[in-house]
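# Residue-level structure breakdown
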Amino acid sequence: SYRPELPMSASLLIFDFDGVIADSFNCFYPMIRDGMASVGISISKKEYKNLFLGNVHEGFKKFIKNDKKKYEMFSNYRKTHISDYYKSSIFPDAINFLKTVKKNGYKTAICSSGQKEIVLKTLNINKIKNCFDMILATGEYTKENMIKEIMNKFESKPEETIMITDTVGDIKLAKKMGLKNIAVTWGFHSKKILKTTEPDFIADSFLSLTSIIFKW
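Overview of the structure. (Residues numbered from 1 in each chain as written. Predicted model: local features only at pLDDT ≥ 70, side-chain atom pairs only at ≥ 80, totals over all residues. Heavy atoms only, no water.)

### Some points on the overall build of the protein chain
Per the secondary structure count, the protein chain includes 10 helices and 6 strands. Computed over the C-alpha atoms, the radius of gyration of the protein chain is 17 Å, within 12% of the 17 Å expected from 2.2 N^0.38 for a compact globule of 216 residues. Seen through its C-alpha atoms, the protein chain measures out along the principal axes to roughly 60 × 35 × 30 Å. Counting only contacts in the protein chain whose residues sit at least 6 apart along the sequence, the fraction spanning at least 24 positions is 63%. Accessible surface computed for the protein chain: about 10,800 Å², of which carbon and sulfur atoms make up 50%. Looking at charge distribution, the protein chain has the averaged site of its 34 positive side-chain charges lying 2 Å from that of its 24 negative ones. (Helix = DSSP H or I, 4+ residues; strand = E, 2+ residues; numbered from the N terminus. Rg over C-alpha atoms; globule rule 2.2 N^0.38 Å. Contact = heavy atoms within 4.5 Å. Areas by Shrake-Rupley, 256 points an atom, 1.4 Å probe, with all protein chains shown as cover. Lys, Arg positive; Asp, Glu negative; His and termini not counted. Charge placed at Lys NZ, Arg CZ, Asp CG, Glu CD.)

### What to know about helix α3 (residues 56-63)
Residues spaced three or four apart along an α-helix point in a common direction, a consequence of the helix completing one turn every 3.6 residues. All of the buried residues in α3 are Val 56, His 57, Gly 59 and Phe 60. Relative to the axis of α3, the buried residues are bounded by an arc of 155 degrees and lie together on one face. Where α3 is buried, its residues meet α1 (25-37), α2 (45-50) and α4 (68-85). At the N-terminal boundary of α3, the capping side chain belongs to Asn 55, with an oxygen 3.0 Å from the backbone nitrogen of His 57. Looking at the residues trailing α3, positive phi occurs at Lys 65, about 60 degrees. (Buried < 20%, exposed > 50% of the residue type's maximum accessible area, 1.4 Å probe, protein only. Arc of directions from axis to C-beta. Polar contact = N/O pair within 3.5 Å; in protein donor to acceptor, adjacent residues only side chain to side chain.)

### Topic: the environment of Phe 15
Considering the arrangement of structural elements, one finds Phe 15 in strand β1 (residues 12-15). Distance in space between the C-alpha atoms of Phe 15 and Ala 109 is 6.1 Å, their sequence separation being 94 residues.

### A closer look at the sheet that holds strand β5 (residues 180-184)
With parallel pairing, 6 strands are arranged side by side in an open sheet as β3-β2-β1-β4-β5-β6. In this open sheet, the two strands that pair with only one neighbour each are β3 (134-137) and β6 (201-203). Neighbouring strand axes in the sheet, compared pairwise and without regard to direction, differ in orientation by 20 degrees on average. In the sheet, β1 pairs with strand β2 (residues 107-112) via 4 bridges, with the strands oriented parallel. Of the residues in β2, the one forming a bridge with Phe 15 is Ile 110. (Pairing = 2+ DSSP bridges. Axes fitted to C-alpha atoms, helices over the stretch in contact; angles between N-to-C directions.)

### Structural notes on the pairing of β5
By the criterion of burial, β5 is predominantly enclosed, with 5 of the 5 residues buried. Side-chain alternation along β5 places Lys 180, Ile 182 and Val 184 on one buried face and Asn 181 and Ala 183 on a second face that is also buried. Here strand β4 (residues 161-165) pairs with β5 via 4 bridges, running parallel. Within β5, the position partnered with Thr 165 by the bridge is Ala 183. After leaving β4, the chain enters helix α8 (residues 168-176) and then returns to the sheet as β5, a path that is right-handed. (Right-handed = clockwise from strand over helix to strand, strands pointing away.)

### Let's talk about the state of the cysteines
Overall, the coordinates contain 0 disulfides when judged by the stated rule. For the unlinked cysteine Cys 131, the closest cysteine sulfur is that of Cys 111, found at 18 Å. The exposure class of Cys 131 is buried, given its relative accessible area of 4%. (Disulfide = S-S within 2.5 Å.)

### Here's the deal with helix α10 (residues 206-215)
Every buried residue belonging to α10 is among Phe 206, Leu 209, Thr 210, Ile 212 and Ile 213, and all of these are buried. Projected down its long axis, α10 carries its buried residues within an arc of 165 degrees, all on one side. Residues of α10 that are exposed and point over 90 degrees away from its buried face: Leu 207 and Lys 215.

Right under this line is the structure:
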C-alpha cells in the first residue's frame, strides 16, 4: 500500500543488536575474558573488539588457534555463564527512536550473532519487543544467511534495505550484499575504525540516526 509518510526508497531496517540497541560490551567482555582464561588464553578489550572486524565466531576459532577442544570448552563457558554477566540494559534513546521509525511505517528486524533467549529477555524487560517485526539471533548460522531470510520474508530488495550496525564486519557484509548501511559510534567499534570501511553514513546519536534514515 502507498505510504506517503515514508520519505525514502528503503522500507526495511535491519539492526545488529549488541552495541546498537543493547548496551552490552561491558557485560560481554568480562565473560569472554573469563571464558578464554578458563582454557588458558588471555584476551584484551582491543583484541576482543578486533574479532568483530570480520565474522566474530570465526574470529574466536582463529584466536583459539582452531583448537576444537578448547573452542568447545570456551563456547560451553559462554552458554552456561552468560546469565552471570549479562545485564539487560539498552541505550537510553533507543526506545523513542524505535517507536518513531515504527510510527513512520518502516519494517524492522534484529539480526544478531547472540543468543536468542538473551535478546528476547532484553527486549521484554525494556518493553520493546513489539518494536520489531522479526527477530533472528543465533550463532548457528551466518549473518549473511540471517539477512537473506529477513529480506525474503519482507520481499525487500538490497536497495530497499538498510543495515544498522556498530562493527566493521557487518558494514563489510552489508556492502558485499548491496545493502544501504549506517554505522553507529556508540557500540563496539570507534568512529575512526568504522570510517575505514566507508559506510554510507555514520551516526553519532539516535537523533542523527533518525535524521539520516528520514532524509535518505
